[in-house]
Every structure is written in structure tokens, then in C-alpha cells.
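# Structural features, examined
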Amino acid sequence: MEVNIKTLTPLWTGGVEAGKCDRIHETGILGSLRWWMEVLVRGVGGNACDPTEQKCLYDPKKPNNGLCDVCKVFGATGWKRRFRLSVNVDDEQSKTVWQPSVPLRITPFDRTRGWFLNPGWLGTLQIKIQGDPETLVELYILLRFIETWGNIGARPQLGYGAFRIIDIKDPPPAACYAIYGDRSPSDQPDLRTFTFFKLRFTTKTATWWQTVPGIRELRGKLDKKREWSELEQLAKHGMVPTTPALKIIFAIIINGHPRTYPIGFSVQFGRETIASAVKLPSVGHIAWILQMSGRFEVGCICLKITMDAPSSERF
Ligand SMILES: [Zn+2]
């Protein structure tokens with residue numbers, strides 16, 4: 001299987017010399033593939049060891065030969081990796097390599113230290129993967145997943161290694177993914193165009209929810225006594241219907257006033273001006289704030305983000 005990809009952000013796979021990207025190192029690609037496979041395997045309830053702690057040890061006497069679902073593919077002590085991976089770069093294309101003479105230093109307005117963005121590799125590359133069909137299918141799906149949600153190489157925390165697959169030559173002949181085809185996203189709800197986030201936080205007081213915009217207005221009002229006791233009941237069970245307030249906050253963020261309205265619930269909910277904001281697209285699922293094992297959690301699914309047209313009419 002040969003996967004042709006185009007980098008969307010610089011690719012960093014480590015180098016011999018610190019801070020320099022001399023060539024693409026296969027180990028850097030492999031490391032990120034393994035990390036994402038662990039995420040996927042754990043995400044469906046499977047077993048993936050923590051390679052930073054202790055990887056699996058091959059032992060034919062143990063169930064599954066003592067290997068987790070990831071080591072089975074990526075190898076462990078006594079068990080060879082199930083595939084070979086090599087990288088070829090297109091020399092013509094790689095002339096666009098981003099090799100600035102000094103690392104970019106980016107320090108946002110209210111920060112003192114900032115971030116250094118070192119050079120990375122840009123262009124198109126071919127990742128050749130050889131292995132048995134079952135392994136190739138797993139890697140095919142893995143790469144398709146990472147293309148949408150992840151990064152290859154190192155420094156994903158700095159946004160490095162975003163990519164798109166141009167084409168895949170000699171894909172594994174397997175029905176399990178082929179039945180879904182290769183359609184590109186349309187206007188219909190499509191997982192590939194969704195954005196998710198989940199935020200967990202703890203609070204200092206049990207009554208924090210009483211300052212949530214929309215909720216706090218009900219407090220102490222004689223004609224809203226019943227609503228208020230409903231809210232108290234919900235809060236007692238760890239549920240706060242914050243969706244309306246959050247829709248407003250997210251709309252403000254999307255419309256570009258993040259400094260006035262940072263995502264900080266304690267600060268956020270203490271503000272007066274929030275109510276004057278615009279509405280968020282109805283094409284988003286915003287959860288209530290709920291309590292889970294002592295902490296609060298709030299999540300959001302944006303079915304589609306149209307950052308290029310943040311006008312209130314559109315939302
Ligand atoms: Zn393992």
C-alpha cells in the first residue's frame with residue numbers, strides 16, 4: 001500500500017541536530033501512528049498498554065500471546081512489527097520546505113514566554129507500507145482517521161503534522177471498509193466535519209451555578225419560585241441547564257471577541273454584558289453542565305464550523 005500525502009502544516013519527525021529537520025525520520029511517523037492507534041483501541045474499549053510505562057512482552061503461554069491490540073500490530077519485545085514502513089519524498093515538491101533561518105517566536109498579547117516554532121518539512125511524501133492484508137486494513141483506517149482528526153510526526157501540541165491523503169495506491173483488498181466507499185463530505189451531517197470539545201472543571205462553591213446568565217435572573221424573584229426550586233433540584237443531582245448561556249458564549253468566541261469573553265466559567269458567568277451577544281448556530285449540540293465523579297463537565301458538538309462567515313444572520 002502506498003499512501004501519498006500532502007502536508008498542511010510542517011511535519012516534524014525529529015532530527016540528529018536539535019531544532020533541525022534534516023530529513024523525515026520513519027520512527028517519528030511510526031511513533032505518532034502508534035499513539036493514535038492506542039487512542040482508537042482504548043476508545044472502543046480495547047486493550048492498549050502504555051508504552052511509556054511498560055510495553056507488552058511476547059509470551060505464547062499467555063492469552064493473546066501477552067500482547068495488547070496495539071503491540072500485536074506495532075510490535076513488542078519478542079514480537080516483530082507486523083508491517084514495514086518507508087518514506088519517500090518528492091524532491092521537486094520538497095523545494096517548498098520551510099526552513100527559516102531563525103525559529104518563529106510567537107508570544108500572544110498577555111503572555112510573557114510564548115512559543116518557538118521550529119522549521120518543519122512541507123511538501124508531498126509517499127508512505128509505503130508492506131504487510132499482510134489484515135494489518136494493512138487497520139493501518140488504512142488508522143491513516144484515514146488521523147487525516148481527519150490527528151497529526152503525524154511529533155509536536156502535535158504545536159499544530160505540526162496536519163495532512164491530507166492525496167491517494168492510496170494498492171489499498172488492501174478488504175470489504176470491511178470498502179462498503180463505505182470514498183465519498184467526500186456533503187451538506188449532510190458527517191462525522192468528518194464535526195468538531196468536539198469537552199471541558200472538565202472543579203468549582204469552589206456548591207452554588208456557582210446560581211451566577212450562570214439566564215439562571216441568576218430567576219433568583220429571588222417571587223413569581224419564579226417554582227422555577228428556582230426546579231433548578232435547585234437539578235443542581236442537587238449534578239445537572240445545570242447551561243445550554244442557553246453557553247450558546248451565547250460560544251457565539252461570542254466564534255464572532256471574535258475572545259479577550260472580553262474567555263472560556264472560563266467562573267469569570268464568564270460573573271459578567272453582565274454576556275446577554276447582549278448574538279446567537280450560536282442551531283447546528284450545534286451543547287450539553288448541560290453535568291457532574292461526574294466530583295468534577296463538572298461540559299461538552300459541545302459543532303456539526304459544522306463556518307468560521308469564514310461569522311455573521312449573525314448566518315447563525
Ligand atoms: Zn502492548
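Quantities reported herein were computed from a predicted structural model and do not represent experimental measurements. (Residues numbered from 1 in each chain as written. Predicted model: local features only at pLDDT ≥ 70, side-chain atom pairs only at ≥ 80, totals over all residues. Heavy atoms only, no water.)

## Concerning the confidence of the model for the protein chain
A low pLDDT score tells you not to read the predicted coordinates there in detail. Scored by pLDDT, the protein chain has a mean of 76; 74% of the residues are at 70 or more. Confidence, expressed as mean pLDDT per element, reaches its minimum in the protein chain at helix 7 (residues 265-268) with 30 and its maximum at helix 2 (residues 71-74) with 95. Low pLDDT, under 50, characterises residues 257-283; the predicted model gives this stretch 56 contacts beyond four residues in sequence or across chains. Below pLDDT 50 for its whole length, residues 305-315 participates in 16 contacts with residues either more than four positions away or in separate chains. (pLDDT = per-residue confidence, 0-100. Helix = DSSP H or I, 4+ residues; strand = E, 2+ residues; numbered from the N terminus. Contact = heavy atoms within 4.5 Å.)

## Digging into the coordination of the zinc ion
The protein atoms that coordinate the zinc ion are Cys49 (SG), Cys56 (SG), Cys68 (SG) and Cys71 (SG), at distances spanning 2.2 to 2.3 Å. Considering all four donor atoms around the zinc ion, angles at the metal cover 103 to 112° and the coordination shape is tetrahedral. Along the chain, the residues donating to the zinc ion fall in the pattern C-x6-C-x11-C-x2-C. Grouping residues by exposure puts cysteine 68 and cysteine 71 together as buried. (Donors = N, O, S within 2.8 Å, 3.2 Å for Na, K, Ca; no water. Tetrahedral: all angles 85-135°; square planar, octahedral: opposite > 155°, others 65-115°. Buried < 20%, exposed > 50% of the residue type's maximum accessible area, 1.4 Å probe, protein only.)

## With respect to the sheet that holds strand 2 (residues 83-89)
The antiparallel open sheet is built from four strands, whose spatial order is 2-5-1-6. The outermost strands of the open sheet, each flanked by one partner alone, are strand 2 and strand 6 (163-169). With direction set aside, neighbouring strand axes in the sheet form an average angle of 25°. Sheet topology places strand 1 (residues 2-7) next to strand 6; six bridges connect them, and they run antiparallel. Within the sheet, the bridge partner assigned to valine 3 lies in strand 6 and is isoleucine 168. Most of the contacts of helix 1 (residues 26-43) go to strand 2, to which it runs at about 125°, and overall it touches strand 2 and strand 5 (124-131). Sheet strands in contact with helix 3 (residues 133-149) are strand 1, strand 2, strand 5 and strand 6, and its direction is about 150° off that of strand 6. (Pairing = 2+ DSSP bridges. Axes fitted to C-alpha atoms, helices over the stretch in contact; angles between N-to-C directions.)

## Some points on the environment of phenylalanine 201
Assignment of secondary structure puts phenylalanine 201 in strand 7 (residues 195-201). Taking C-alpha positions, phenylalanine 201 is 9.5 Å from glycine 294, a pair spaced 93 residues apart along the chain.

## Quick notes on the packing of aromatic side chains
Per the counting criterion, the structure on display carries eight aromatic pairs. Following the ring pairs from residue to residue traces out a cluster consisting of Trp35, Trp36 and Phe145. The residue whose ring lies beneath arginine 82 is tryptophan 79, and the NZ or CZ to ring-centre distance is 4.1 Å. Over the ring of tryptophan 12 we find arginine 155; its NZ or CZ atom is 3.9 Å from the centre of that ring. (Phe/Tyr/Trp six-rings, centres within 6.5 Å; stacked < 30°, edge-to-face > 60°. Lys NZ or Arg CZ within 6 Å of the ring centre and 35° of its normal.)

## Overview of helix 1
For the α-helix, the turn length of 3.6 residues means that residues three or four positions removed from each other point alike. Look at helix 1: 26 Å from first C-alpha to last across 18 residues, which is about the 26 Å you get at 1.5 Å a residue. Gly28, Ile29, Leu30, Ser32, Leu33, Arg34, Trp36, Met37, Glu38 and Val41 are the residues of helix 1 that are buried. Buried residues belonging to helix 1 abut helix 2, strand 2, strand 5 and helix 3. Just downstream of helix 1, glycine 45 is the residue with a positive phi angle, here 85°. (Expected span 1.5 Å × (residues − 1).)

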